[in-house]
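Results of the structural survey
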Amino acid sequence: MSPFIAVDWGTTNRRAFRIENGSVVATERDDRGAANVAADEYDAEVAGIRDRLGDLPMLLAGMVGSNIGWRSVPYVAAPAGLPQIAAALDRIDARTAIVPGLSYRDGLHADVMRGEEVQLLGAVAAGLVPPDALLCQPGTHCKWATVQAGAIVRFTTAMTGELFALLRAHGVLSRQLGHPVEPGAAFLDGVTEGAKRDLAASLFAIRARGVLGIADDADAASFASGLLIGADTAARIEPGATVHILADPALGALYASAIDALGSTAHHIDSQAAFVAGITRIQDLAA
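Description of the structure in this document. Residue positions are given per chain, counted from 1 along the sequence in the order it is written. In keeping with the predicted nature of the model, local features appear solely for residues at pLDDT of at least 70, side-chain atom pairs appear and are counted solely at 80 or more, and the whole-chain, interface and lining totals rest on all residues. To get the side-chain values, all heavy atoms of the structure are used, and hydrogens and water are removed first.

**As for the packing of aromatic side chains**
Two rings from Phe, Tyr or Trp (for Trp, the six-membered ring) form a pair when their centres sit within 6.5 Å of each other. Planes less than 30 degrees apart are called stacked, planes more than 60 degrees apart edge-to-face, and all others tilted. Counting across every chain of the model gives 5 aromatic pairs. Here the aromatic rings of Trp-9 and Tyr-42 are separated by 5.1 Å at their centres, their planes lie at 50°, and the arrangement is tilted. Taken together, the positions of Trp-9 in strand S1 (residues 4-9) and Tyr-42 in helix H1 (residues 42-53) put the pair 33 residues apart, joining distant regions of the chain. Each residue is assigned to one of three classes by its accessible area relative to the maximum for its type, calculated with a 1.4 Å probe on protein chains only: buried under 20%, partly exposed between the two thresholds, exposed over 50%. Owing to a relative accessible area of 0%, Trp-9 belongs among the buried residues under this scheme. Ring centres of Trp-144 and Tyr-255 lie 6.4 Å apart, and the angle between their planes is 55°; on these two criteria the pair is classed as tilted. Highlighted residues: Trp-144 in strand S11 (residues 142-148) and Tyr-255 in helix H8 (residues 249-261), separated in sequence by 111 residues. A single burial state applies to Trp-144 and to Tyr-255, both of which are buried. These aromatic residues form a ring-pair network of at least three members: Trp-9, Tyr-42 and Trp-70. A ring is scored as having a charge over it whenever the NZ atom of a lysine or the CZ atom of an arginine sits within 6 Å of its centre and within 35 degrees of its normal. Over the ring of Phe-275 we find Arg-15; its NZ or CZ atom is 6.0 Å from the centre of that ring. Cation over ring: Arg-114 sits above Tyr-75, and NZ or CZ is 3.9 Å from the ring centre. Numbering of helices and strands starts at the N terminus; helices are DSSP runs of H or I of at least 4 residues and strands are runs of E of at least 2.

**A word on the sheet that holds strand S10 (residues 133-137)**
Across the sheet, which stays open at both edges, the 5 strands sit in the order S12-S11-S10-S13-S14 with mixed pairing between neighbours. The open sheet has two free edges, formed respectively by strand S12 (151-158) and strand S14 (265-269), since each of these has just one partner strand. Ignoring which end each strand starts from, the neighbouring axes of this sheet average 25° apart. Here 5 bridges tie S10 to S11, and the two strands are oriented antiparallel to one another. Whether two strands pair depends on DSSP finding at least two bridges between them. Note on geometry: axes are lines fitted to C-alpha atoms, helical ones only across the stretch in contact, with angles between N-to-C directions running from 0 to 180 degrees.

So, to be careful, I would describe these as geometric facts and stop short of saying anything about function.
Take a look at the structure:
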């Protein structure tokens, strides 16, 4: 395969890779996410990436194709795999294209993703997960995707990370949540409480436990994180399930700890390897 550039363009950050024969030979990361780039700046941004990584064809994935990005690209409806995504690339010009992202609807439930689909399906393409699997991609908005025969058939986004950040910054619990989150006993106690799925009441109990001296506020952030992750995890899995996690080591370890505590098994997947495999396969299919 001819060399090309792949960009994983998030909301706040972006990563660009020069890929040759399926391997990354150069990379860069910066804070020029879609929220930090005006619509009329993308031509210059793309030209700058080419100046640094090579004058090559380029695939752009993630929020660059959203309504806060370069231009809004229609989603591909799930179920869908990499061939369907490659067929729906939005061409900026002959050498530049945007990956479309996925949508899902089931009754009143609706969901979307941009960029995560490349990693999730790339994990399958790279043989990192089986073609029938449950995948979890933790983050500000945690993605849970069911893959069958190598295609994403349904998925759910949980605002777990964003809720934790909001609780930490605002409201009655903010003074108690300043300590680091540790994957210890307090976190696991939170997972157990979160699995009861009485989230609103369990969150206020953090306040009461501190006021009454029942729990040390030094453990409050770990407990709150466990509470949110436990509620999220318990809603997605049955005991005995196998979950493949694509995340940075610290956040992935928290989700793995929660999954194991709730009677299932977690496997860590290299998210960069998954992205590179997915975007390379899309480039190959679109060539």
